[in-house]
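# Coordinate analysis (summary)
This is what each chain is made of:
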Amino acid sequence: MVSIFKLDDLYRFFMRAYPVKSYSGTPPNAPLHKELNRCRVALITTAGLHLQKQPPYNDRIIGGDCSYREIPNTIETQVLALGHRSKAFDASGTESDINLVFPLDRFRELENGGKIGSLNDRHFSFMGSITKPKPLIKKTAPEVGQMLKADGVDVAFLTPV
Amino acid sequence: MCNQSVGLIQRAVEETGISTISITLDENITQRVKPPRVLSVPYRFGYPLGEPNNPELQHAIIAEALSLLEDKTPLPILKKSSV
């Protein structure tokens with residue numbers, strides 16, 4: 001039996017040869033112009049989270065499912081379902097604590113402690129395992145950006161799985 | 001591929017004028033996608049915030065990532081976590 005650590009290494013090795021979308025030059029830059037304790041913050045994850053009442057992600061789409069799910073800020077974190085399963089990672093940690101990939105409880109603590117201004121009313125999850133990301137680049141990621149901008153979000157915190 | 005997707009989403013969100021920070025578990029991919037500000041953590045896939053049920057460690061990682069918002073180094077910033 002191959003241990004999860006070996007699988008992790010194998011996946012990293014495989015990914016070195018994978019045709020990842022590459023950019024040159026300077027990335028987009030929106031510097032922060034106010035104190036963090038006055039900022040509105042939103043979380044984004046690619047853990048494939050969804051509410052039980054939302055449709056699960058479709059793992060039969062070739063190239064990956066580039067859709068997203070809106071996660072209300074008021075959600076009890078324990079009820080979120082993890083839609084992303086892969087041989088490349090061990091889901092047992094996330095099953096015992098969703099904050100491992102979607103740290104909403106930690107950000108609530110930062111909000112209560114006055115370290116950040118406020119959490120946005122909604123957060124977003126995408127699916128992982130996207131090998132053909134064109135719809136993500138052209139449509140769904142900009143859509144989420146525009147919605148967060150319209151919400152008055154100052155800072156977005158993103159996590160992979 | 002999660003680390004590629006995060007970088008691509010991060011670039012798109014930053015394009016709208018929102019300041020973004022992210023965590024990566026695979027620097028090699030992130031160096032190619034070049035999102036603006038990234039904290040690289042030494043954990044295995046599935047564990048971007050380090051350990052389950054360890055709020056102290058999770059807070060330390062989040063604080064280090066948030067500190068990149070004040071980093072004046074030219075973008076892209078890809079910093080190794082010192083937590």
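Residues numbered from 1 in each chain as written. Chains lettered and ligands numbered in written order. Predicted model: local features only at pLDDT ≥ 70, side-chain atom pairs only at ≥ 80, totals over all residues. Heavy atoms only, no water.

A few words on the side chain of D154(A). Counting through the fold element by element, D154(A) comes out in the loop between α4 (134-150) and β7 (155-159). By relative accessible area, which is 16% here, D154(A) ends up buried. A polar contact of 3.4 Å, which involves the side chain of D154(A), links it to the side chain of K34(A). A distance of 2.7 Å separates the side chain of D154(A) from the backbone nitrogen of R40(A), its partner in a polar contact. The residues contacting D154(A), other than those within four sequence positions of it, are L32(A), K34(A), R38(A), C39(A), R40(A), I18(B) and S19(B). (Helix = DSSP H or I, 4+ residues; strand = E, 2+ residues; numbered from the N terminus. Buried < 20%, exposed > 50% of the residue type's maximum accessible area, 1.4 Å probe, protein only. Polar contact = N/O pair within 3.5 Å; in protein donor to acceptor, adjacent residues only side chain to side chain. Contact = heavy atoms within 4.5 Å.)

So, on to the nonpolar core. Burial of nonpolar side chains together is a common tendency in soluble globular proteins. The biggest cluster of nonpolar side chains holds 44 residues, and the ones touching the most others in it are L49(A), F102(A), F107(A), F157(A) and I61(B). Element by element, the count of residues in this core is highest for helix α3 (residues 55-67) of chain B, at 5 residues. Setting aside chain neighbours within four positions, we find F107(A) in contact with V41(A), L43(A), I116(A), L119(A), F157(A) and I62(B). Membership of the second largest hydrophobic core comes to 25 residues, among which are V20(A), L148(A), V6(B) and I29(B). (Core = buried A, V, L, I, M, F, W, Y, C linked by side-chain atoms within 4.5 Å.)

Another aspect to go through is the packing of aromatic side chains. All names here are of chain A. Per the stated rule, a full pass over the model turns up 3 aromatic pairs over all chains. Consider the rings of F107 and F157, whose centres lie 5.0 Å apart with planes at 55°: the pair is tilted. Linking F107 in helix α3 (residues 104-112) with F157 in strand β7, this pair joins segments that are 50 residues apart in sequence. You can call F157 buried: its relative accessible area is 1%. Within the aromatic cluster, the residues linked to one another by ring pairs are Y68, F124 and F126. (Phe/Tyr/Trp six-rings, centres within 6.5 Å; stacked < 30°, edge-to-face > 60°.)

This part covers the interface of chain A and chain B. It is common to report an interface's size as the accessible area lost on association of the parts. Tallying the contact residues gives 65 residues for chain A and 54 residues for chain B. Of the roughly 5,200 Å² buried between chain A and chain B, counting both surfaces, carbon and sulfur atoms make up 66%. Among the residues chain A hides against chain B, the three largest losses belong to P28(A), L100(A) and L158(A). Together they make up 14% of the total. For the interface between chain A and chain B, the tally reads 0 salt bridges. At the junction of chain A and chain B, the tally comes to 19 residue pairs in polar contact (both at pLDDT 80 or more). Those elements giving two or more residues to the side of chain A that touches chain B turn out to be α1 (4-16), α2 (92-96), α3, α4 and β7 of chain A. Considering each element in turn, the side of chain A that touches chain B owes the most residues, 8 residues, to α4(A). When its residues are assigned to classes, the side of chain A that touches chain B shows 37 nonpolar, 18 polar and 10 charged. With 4 bridges joining them, β7(A) and strand β1 (residues 19-24) of chain B adopt parallel strand pairing. (Buried area = accessible area lost by both parts, 1.4 Å probe. Salt bridge = Lys/Arg side-chain N within 4 Å of Asp/Glu carboxyl O. Nonpolar A, V, L, I, M, F, W, Y, C, P; charged D, E, K, R; others polar. Pairing = 2+ DSSP bridges.)

Once that is clear, we can look at the packing of α3(A) against α3(B). Direction vectors running N to C along α3(A) and α3(B) enclose 70°, while the axes themselves pass 10 Å from each other. Classified by the interaxial angle, the pair formed by α3(A) and α3(B) is roughly perpendicular. Across the interface between the two elements, R106(A), F107(A), E109(A) and L110(A) of α3(A) pack against P55(B), Q58(B), H59(B), I62(B) and L66(B) of α3(B). Of the residues that constitute the contact of α3(A) with α3(B), the class distribution is 5 nonpolar, 2 polar and 2 charged. (Axes fitted to C-alpha atoms, helices over the stretch in contact; angles between N-to-C directions. Parallel < 35°, antiparallel > 145°, perpendicular 65-115°, else oblique.)

On to the confidence of the model for chain B. Reading fine detail from the predicted coordinates is not recommended where pLDDT is low. Per-residue confidence for chain B averages 96 on the pLDDT scale, and 100% of its residues sit at or above 70. Both scores are available for the predicted complex, with the pTM at 0.93 and the ipTM at 0.98. (pLDDT = per-residue confidence, 0-100.)

Moving on, we get to the state of the cysteines. By definition, a disulfide links the sulfur atoms of two cysteines through a covalent bond. Under the criterion given, the structure shown has 0 disulfides over all chains. Lacking any disulfide linkage, C66(A) is separated from the closest cysteine sulfur, that of C2(B), by 12 Å. The class of C66(A) is buried, set by a relative accessible area of 8%. (Disulfide = S-S within 2.5 Å.)

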